[in-house]
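# Fold and geometry: a report
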Amino acid sequence: MAELLKLNVQERTELGKGPNRRLRATGMVPGIYYDAKGANIPVKVEMVPLQKAYAAVGNAQVFELVLERGGKSETMPALLWRVRNEPVKGVPEHVDFFGVDLTKEIKVAVHFEIVGSSKGVKLGGVLEQYRDHIEVVCKPMDIPESIVIDITDMDVLDSVHIEDVAFPEGVTPIFDENYAVLSVTALQDAGEEEEGEEAAPEEAAE
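Residues numbered from 1 in each chain as written. Predicted model: local features only at pLDDT ≥ 70, side-chain atom pairs only at ≥ 80, totals over all residues. Heavy atoms only, no water.

### Overview of the overall build of the protein
Heads up, the condition is: Helical segments are the DSSP runs of H or I of at least four residues, strand segments are the runs of E of at least two, and each set is numbered from the N terminus. Throughout this description, buried means an accessible area under 20% of the type-specific maximum (1.4 Å probe, protein chains only), exposed means over 50%, and partly exposed covers the range between. Contacts are assigned to residue pairs that have any heavy atoms within 4.5 Å of one another. Surface accessibility in these figures is a Shrake-Rupley result with a 1.4 Å probe; residues are shielded only by whichever protein chains are displayed.
If you tally the helices and strands in the protein, you get four helices and 13 strands. Buried residues in the protein amount to 33% of all 206 residues. Intrachain contacts of the protein at a sequence separation of at least 6 include 65% that bridge at least 24 residues. Here the protein has roughly 12800 Å² of accessible surface; of this, 48% comes from carbon and sulfur atoms.

As structure tokens, this is what we get:
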């Protein structure tokens with residue numbers, strides 16, 4: 001198993017808006033750690049390491065959360081579940097960590113990654129993507145970084161539906177209907193459009 005990224009957090013003992021504002025002024029971000037058994041632990045984390053961790057693992061990759069409290073440290077697998085950014089400056093103002101049991105399946109959202117160059121697009125078609133992610137069920141260590149869709153062989157008017165997408169072993173997609181993920185649509189020919197507009201008065205006269 002590849003070595004997991006580590007992120008250090010500390011237990012947060014002062015709660016409320018005032019203490020949280022003071023924390024942010026020192027470059028710390030308040031948050032909550034929700035463990036796999038349902039306990040909620042207020043925590044704080046340095047902003048820069050948090051931003052680097054989020055850039056590396058997003059919110060669907062397991063990392064090791066190192067929790068410091070009571071003079072001791074405890075390491076546990078976790079996900080960066082939610083990061084709420086300050087609306088003006090765009091920096092993190094609150095974070096939720098979610099502890100996971102590596103032996104149990106969980107539900108997460110994984111984004112689609114489009115690769116290849118469609119022959120239909122080369123002929124003048126337009127690639128339309130209707131969904132950018134899919135919910136899947138799998139064990140935490142099996143969460144893929146992305147679900148890859150190769151569009152190389154897609155021609156004009158071709159579509160890829162969710163049942164056409166290949167998923168890694170151990171990863172089960174969640175969907176109710178066989179919806180279209182993307183398609184290559186045809187551009188309307190400008191000459192045909194102009195011809196149709198010119199014909200309209202003649203049709204009206206008849």
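This is not the end of the story, as more comes after the structure.
### So, the packing of aromatic side chains
Quick reminder of the rule: Any two rings among Phe, Tyr and Trp, with Trp reduced to its six-membered ring, count as a pair given centres within 6.5 Å; such a pair is stacked if its planes are under 30 degrees apart, edge-to-face if over 60, and tilted if neither. The rule is short: NZ of Lys or CZ of Arg within 6 Å of the ring centre and within 35 degrees of the ring normal puts a charge over the ring.
Scanning the entire structure with this criterion turns up three aromatic pairs. For the pair Trp 81 and Phe 98, a centre-to-centre distance of 4.9 Å together with 40 degrees between the ring planes defines the contact as tilted. Here Trp 81 is found in strand β5 (residues 72–85), whereas its partner Phe 98 is found in strand β6 (residues 92–99), with 17 residues between them in sequence. The class for Trp 81 is partly exposed, based on a relative accessible area of 27%. Classification of Phe 98 as partly exposed rests on a relative accessible area of 28%. Looking at Arg 131, its charged tip hangs above the ring of Tyr 179, at a distance of 3.7 Å from the centre.

### What about the environment of Tyr 179?
Mapped onto the secondary structure, Tyr 179 falls in the loop between β12 (172–173) and β13 (180–185). Not counting chain neighbours up to four residues away, the residues in contact with Tyr 179 comprise Arg 131, His 133, Ile 134, Val 160, His 161 and Ile 162.

### Re the sheet that holds strand β1 (residues 6–11)
Backbone-to-backbone hydrogen bonds join strands into a sheet, with any given pair of strands oriented parallel or antiparallel. Short version of the rule: One requirement defines pairing of two strands: DSSP has to find at least two bridges between them. What counts as an axis is a line fitted to C-alpha atoms, over the stretch in contact for a helix, and the angles between N-to-C directions run from 0 to 180 degrees.
On the basis of which strands lie adjacent, the closed barrel formed by six strands has the order β1-β3-β2-β6-β5-β4 and mixed pairing. Adjacent strand axes in the sheet meet at a mean angle of 45 degrees when their direction is disregarded. Summarising the sheet, strand β4 (residues 63–69) and β5 pair through seven bridges and their orientation is antiparallel. The partner of Glu 68 across the bridge, within β5, is Ser 73. Most of the contacts of helix α1 (residues 17–25) go to strand β2 (residues 28–34), to which it runs at about 120 degrees, and overall it touches β2, β3 (40–46), β5 and β6. Relative to β3, helix α2 (residues 47–57) is tilted by about 100 degrees, and along the sheet it contacts β1, β2, β3, β4, β5 and β6.

### So, α2
Given 3.6 residues per turn, any residue in an α-helix points the same way as the ones three and four places further on. Cut-off, in case you're wondering: The directions from the helix axis to the C-beta atoms form the arc being described.
Buried residues of α2: Met 47, Leu 50, Ala 53 and Val 57, and no others. When α2 is viewed along its axis, its buried side chains cluster within an angular range of 125 degrees and face the same direction. Opposite the buried face of α2, by more than 90 degrees, sit the exposed residues Lys 52, Ala 55 and Ala 56. Looking one or two places after α2, you find Gly 58, whose phi comes out positive at around 60 degrees.

### A few points about the pattern of salt bridges
Note the cut-off: Counted as salt bridges are all cases of a side-chain nitrogen of Lys or Arg within 4 Å of a carboxyl oxygen of Asp or Glu.
Within this structure, the stated rule accounts for three salt bridges. Of the charged contacts in the structure, one is a salt bridge between Arg 84 and Glu 93, with a shortest N-O distance of 3.1 Å.

### Some points on the pairing of β6
Within β6, seven of the eight residues are buried, which leaves it mostly tucked inside the rest of the structure. In the sheet, β2 pairs with β6 via four bridges, with the strands oriented parallel. Pairing of Tyr 33 across the sheet is with Phe 97, part of β6. Pairing geometry for β5 and β6, over seven bridges, is antiparallel. Looking across to β6, one finds that Arg 84 is bridged to His 94. Here β5 folds back onto β6, and the loop between the two strands holds six residues, one of which, Gly 90, carries a positive phi near 75 degrees.

### So, the side chain of Glu 93
Relative to the elements of secondary structure, Glu 93 occurs in strand β6. A relative accessible area of 18% places Glu 93 in the buried class. Non-local contacts of Glu 93, meaning those with residues more than four positions away in its chain, are made with Arg 24, Val 29, Pro 30, Arg 84, Asn 85 and Glu 86.

### Considering α1
Listed as buried for α1 are Gly 18, Pro 19, Asn 20 and Leu 23. Buried-residue contacts for α1 involve β2 and β3. Directly beyond the C-terminal end of α1, a positive phi value near 85 degrees is found at Gly 27.

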